[in-house]
Amino acid sequence: MPRSIWTGAISFGLVTVPVKLYSAVQRKSVRFHQLSGKTGVRIQQKRVDPTTGDEIAYEDIVKGYEIAPDQYVLIEPGELEALDPKKTKTIEISDFVDLDAIDPIMYDHPYYLAPGAGGAKPYRLLLEAMRESGKVAIAKVVIRQKENLVAIRPMEGEVLGMATMIFADEVVDPERIDELDAANEVEVNDRELSIAKQLVESLSGEWQPGKYRDTYREEVLALIERKAAGEEIAVQPAREEAEEPVPDLMAALKASLDAVRERDGGGSADDGDGEGDGAAKPKGKRKAPAKRKAPAKKAAAKS
């Protein structure tokens, strides 16, 4: 059974909901240790002054913020402690907003909130009120000496989910990506758009998270098991892939759509010239959308 990592209460208006916080994810990355290739002993990392080669004791290490190359402003521990947010056990809701108003890029780490002692009824009331209204609660909470902006929302399984969020000034503005300018200046015609939409529709389906697996992690674990059992592993040299010419866009779209439809037992792609399953004839060219702005405000939230 998972252990709660924080205990406190949600506060909205004069209502208090005792809650416990649980992490909603369990990372399954394969982690390796660094060993000596000669002795097989795990390597130790030491803090060393590169100018003297001497190891530095932990209590002699201070924090510095680099303001120029090799120039630092030293900060004393007490100075940072004075700025620590007030320790509180309250998740203080400040606003309720529409779920689709939050771009998924704003979400960071997901958690579950469970009712604490005596909090079952107000917990259920808050969950149902947000579900009925389609709202998400925006709040602040201090976890591990850090104040976090969080979003609370009802999730499947009759549970309140809480996700820590990044702040708006931490999101990289896509206008800073130079390569997007070329895409914004390109024109596409109705024939290309028609085939592309048919391809998207042919590949569309219900969201089934269980069908996607981390095949690389599974292969790494299988490799570890084989080596632990004493099996010799023959490493094949990596093949250099020959650079292929860029295919014609329309031909690539039609070939992709035909492959999907052949797999699913459907017909051939309609490129707008009257052949295939049916789509409007081309009427001209479409311009790419206007230059991209900051991250979209309308998007579906993560589960």
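A quick note: this is a predicted structure, and the numbers were derived from the prediction, not measured. (Residues numbered from 1 in each chain as written. Predicted model: local features only at pLDDT ≥ 70, side-chain atom pairs only at ≥ 80, totals over all residues. Heavy atoms only, no water.)

Digging into the overall build of the chain
Here's step 1: Helix and strand counts for the chain come out as six helices and eleven strands.
Here's step 2: In the chain, 64% of the contacts between residues at least 6 apart in sequence involve partners at least 24 apart. (Helix = DSSP H or I, 4+ residues; strand = E, 2+ residues; numbered from the N terminus. Contact = heavy atoms within 4.5 Å.)

Side note on helix H4 (residues 190–202)
Here's step 1: Taking 1.5 Å of rise per residue, 13 residues should cover 18 Å, and H4 covers 18 Å from first to last C-alpha, within 8% of that figure.
Here's step 2: Asp190, Glu192, Ser194, Ile195, Gln198, Leu199 and Ser202 are the residues of H4 that are buried.
Here's step 3: Here H4 starts with a cap whose side-chain oxygen sits 3.1 Å from the backbone nitrogen of Arg191, and that cap is Asn189. (Expected span 1.5 Å × (residues − 1). Buried < 20%, exposed > 50% of the residue type's maximum accessible area, 1.4 Å probe, protein only. Polar contact = N/O pair within 3.5 Å; in protein donor to acceptor, adjacent residues only side chain to side chain.)

As for the pattern of salt bridges
Here's step 1: Scanning the entire structure with this criterion turns up eight salt bridges.
Here's step 2: For Glu128, the salt bridge is made with Arg131, and the minimal N-O distance between the two is 3.9 Å. Taken as a pair, Glu128 and Arg131 lie in helix H2 (residues 120–133) at a separation of three residues, close to a single helical turn.
Here's step 3: What makes Arg131 partly exposed here is its relative accessible area of 33%.
Here's step 4: A salt bridge links Asp214 to Arg217, with the nearest nitrogen and oxygen atoms 3.7 Å apart.
Here's step 5: A network of salt bridges, in which partner residues are shared, links Arg124, Glu128, Arg131 and Glu158. (Salt bridge = Lys/Arg side-chain N within 4 Å of Asp/Glu carboxyl O.)

Some thoughts on a nonpolar patch on the surface
Here's step 1: There is a patch of nonpolar side chains on the surface, built from Phe32, Leu221 and Ile224 and spanning about 290 Å² of accessible area.
Here's step 2: Looking at where Leu221 falls in the secondary structure, it is placed in helix H5 (residues 215–228). (Patch = residues over 30% accessible without salt bridge, like charges linked within 9 Å, V, L, I, M, F, W, Y side chains within 5 Å. Areas by Shrake-Rupley, 256 points an atom, 1.4 Å probe, with all protein chains shown as cover.)

Some details on the pairing of strand E8 (residues 146–155)
Here's step 1: Of all ten residues in E8, eight are buried, a share of seventy percent or more.
Here's step 2: Across seven bridges, the pairing between strand E7 (residues 135–143) and E8 is antiparallel. Bridging from a neighbouring strand, Ile143 pairs with Lys146 of E8.
Here's step 3: Linking E7 to E8, which pair antiparallel, is a turn of two residues; within it Arg144 sits at a positive phi near 55°.
Here's step 4: Hairpin geometry of E8 and strand E9 (residues 159–165) is characterised by an intervening segment of three residues between the two adjacent antiparallel strands and by a positive phi of about 90° at Gly157. (Pairing = 2+ DSSP bridges.)

Topic: the environment of Arg191
Here's step 1: Secondary-structure assignment places Arg191 in helix H4.
Here's step 2: Judged by relative accessible area, which is 32%, Arg191 ranks as partly exposed.

Remarks on the packing of aromatic side chains
Here's step 1: Across all of its chains, the model carries two aromatic pairs by this definition.
Here's step 2: Ring geometry for Trp207 against Tyr212: centres 5.5 Å apart, planes inclined by 20°, an arrangement best described as stacked. (Phe/Tyr/Trp six-rings, centres within 6.5 Å; stacked < 30°, edge-to-face > 60°.)

Notes on the nonpolar core
Here's step 1: With 24 residues, the main nonpolar core has Ile10, Val19, Ile91, Leu113, Ile152, Leu160 and Met162 as its most contacted residues.
Here's step 2: Core analysis: the second largest hydrophobic core is formed by ten residues, Ile102, Val136, Ala163 and Val171 among them. (Core = buried A, V, L, I, M, F, W, Y, C linked by side-chain atoms within 4.5 Å.)

Overview of the packing of H4 against helix H6 (residues 249–264)
Here's step 1: Look at H4 against H6: their axes get within 9 Å of each other, and the N-to-C directions meet at 30°. The angle between H4 and H6 falls in the class roughly parallel. When you trace H4 past H6, the crossing you get is left-handed. Of the residues in H6, those in contact with Arg191, Glu192, Ile195, Ala196, Gln198, Leu199 and Ser202 of H4 are Leu249, Met250, Leu253, Lys254, Ser256, Leu257, Val260, Arg261 and Asp264.
Here's step 2: When grouped by side-chain class, the residues that make up the contact of H4 with H6 number eight nonpolar, three polar and five charged. (Axes fitted to C-alpha atoms, helices over the stretch in contact; angles between N-to-C directions. Parallel < 35°, antiparallel > 145°, perpendicular 65-115°, else oblique. Left-handed = near helix turned anticlockwise from the far one by under 90°. Nonpolar A, V, L, I, M, F, W, Y, C, P; charged D, E, K, R; others polar.)

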